Amino acid sequence: MEPGAPAAARHLGTPHPRNGIQEKQKHMRVTHEAPLAPLTTLGIGGPAAALIELYDPADFPEFVALAGTFPGEPVCLGEGSNVLVGDTGCDGAVLRMSTKGVRVAGSTPDGRVLVEVQAGHLLADLVETTIAEGLTGMEMLVGIPGTTGALPVQNVGAYGQETADTLVEVTAWDWESGRMVTLDAAACGLGHRTSVFKHSRRWTVLSLVFALRRAELSAPVTYRTVAAELGVPVGSRVPLDEAARAVLAVRKSKGMVLGCSGSDDRSVGSVFLSPEISPAQAERLRARRAPVNRFPDGSTRVSASWLIREAGFALRRPIVPGVRISSLHYTLVAEEGASAAGFTRAIDIVLQEVLRSTGVRLTSEVDLL
């Protein structure tokens, strides 16, 4: 990419054909009674009445027309890395965004580079591209699965960077008004792992624009575990690729990178949000040596993993048939025989036990479909 000059969208190919395909178009693929479990990282859930895979953004109006022929609200599915599909599946149309493309869309008055990305573009590829192009703002998001379109939904962030830091605008389809809209970052309502898109079927994200800075060095390393991996003091700035490698190493040590943790791979990462707590709770929990921190939105929160461990949940502990605590991190993973009903029950068991033991109420961040 060259700053200030448009670059051609980079297309990464199309998925392999699946059984059950009854219709095939040049830029859109429709599969009836499509299994959804293989399209999620948990590997749980029933089929969709229709799965529509979109490759060309220009064909989105066709999806809108087709979605109206099915009952229920249409649902958007990216890479399925934060989704729990119900055991009976979905009776409406499910859109899988497979649109690809990254291009420079100009610059801001303060010299930041505007980067436009299609919603179906893999986040991992986007992060790799920005690092290769010497653009800072996303290097700490390395190793997070999913598509770029998921970033504003829960203001995805990790290790000191989050979507709100760089997002400029989102182009989305508004199902309520039946038209395409462009929302600036303020209108997206970005908070701690939340936005106007979270738990809402009103919008389908189509493309996004980010503002990134040209720099050889990363954002300041604010997490002690990442700084320790790098062997530098907290607050240091290091080459972009070195920062990304360190974050990736830390994530792998926690089993938070898909494909690296063997029996713990059927996961959605962090099932629970780090809950916001009151000043009194913060004082009490600090006395118990809990990791209590201030977050960019001004809230004070405590680590959900610490709470789960404090409540007596051991690594590898079975919760319900087919669902247990990960062997590497205090989160839930699925095994053989797992069901959506069982996973939901396991979430509730952890919630209740943490509340009883610590007085803090956890919230699940998993999207239920």
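Note that the structure is predicted; figures quoted are calculated from it, not measured.

**Brief notes about empty space enclosed by the protein**
- Scanning the model with the defined rule gives one cavity of 30 Å³ or more in all.
- The space that makes up the largest cavity amounts to roughly 40 Å³.
- In this structure, the largest cavity is lined by K254, G255, M256, D264, S267, G269, S326, H329, T331 and V333.
- Taken together, the residues of the lining of the largest cavity sort by class into two nonpolar, six polar and two charged.

**Quick word on the UniProt feature "active site" (unreviewed entry) in the chain**
- When the UniProt feature table is mapped onto this chain numbering, "active site" (unreviewed entry) sits at R193, S270 and E365. Spanning 173 residues, the named residues nonetheless gather at one spot, since no C-alpha pair among them exceeds 11.3 Å.
- Structurally, R193 is set in the loop between β13 (179–184) and β14 (203–214).
- Those residues in contact with R193 that lie beyond four places of it in its chain are Q154, N155, V156, G157, A158, E162, K198, L273 and E365.
- Looking at the secondary structure, you find E365 in the loop between α7 (340–358) and β20 (367–368).
- Once residues lying within four places of it in the same chain are set aside, the contact partners of E365 are N82, Q154, R193, K198, S270, V271, F272 and L273.
- There is a polar contact of 3.1 Å between the side chain of E365 and the side chain of Q154.

**A short note on helix α2 (residues 123–132)**
- Among the 10 residues of α2, seven are classified as buried, and the element is accordingly described as predominantly covered.
- L123, D125, L126, V127, T129, T130 and I131 are the residues of α2 that are buried.
- If you follow the buried residues of α2, they end up packed against β7 (102–107), β8 (113–118), β9 (135–136), β14 and α4 (240–253).
- Phi turns positive one or two residues past the end of α2, at G134, with a value near 70 degrees.

The rules behind each value
- Counting restarts for each chain: residues are numbered from 1 in the order of the written sequence.
- Whole-chain, interface and lining totals are the exception, using all residues; otherwise, since this is a predicted model, local features are given only for residues with pLDDT of at least 70 and side-chain atom pairs are given and counted only at 80 or more.
- Computation of side-chain values: all heavy atoms of the structure, hydrogens and water removed.
- Using a grid of 1 Å spacing that covers the protein atoms alone, one calls a set of points a cavity when a 1.4 Å probe fits there but cannot get out, and a pocket when the set is open and has protein on both sides within 12 Å along at least five of seven lines; lining residues are those with an atom within 4 Å of a point.
- Grid points are joined across faces, edges and corners, and a volume is the space filled by probe spheres set on the points.
- For this classification, Asp, Glu, Lys and Arg are treated as charged, while Ala, Val, Leu, Ile, Met, Phe, Trp, Tyr, Cys and Pro are nonpolar and the rest, including Gly, are polar.
- UniProt positions are given in the numbering used here, feature names are shortened, and annotations may be inferred rather than shown by experiment.
- Strands here mean DSSP runs of E at least two residues long; helices mean DSSP runs of H or I at least four residues long; both are numbered from the N terminus.
- Note on definitions: a residue-residue contact is assigned when non-hydrogen atoms from the two residues lie within 4.5 Å.
- Polar contact criterion, stated in full: a pair of N or O atoms within 3.5 Å, where within protein one must be able to donate a hydrogen and the other to accept it, and residues adjacent in sequence count only if both atoms are side-chain atoms.
- Only protein chains enter the accessibility calculation, which uses a 1.4 Å probe; a residue whose area is less than 20% of its type maximum is buried, one above 50% is exposed, and one in between is partly exposed.

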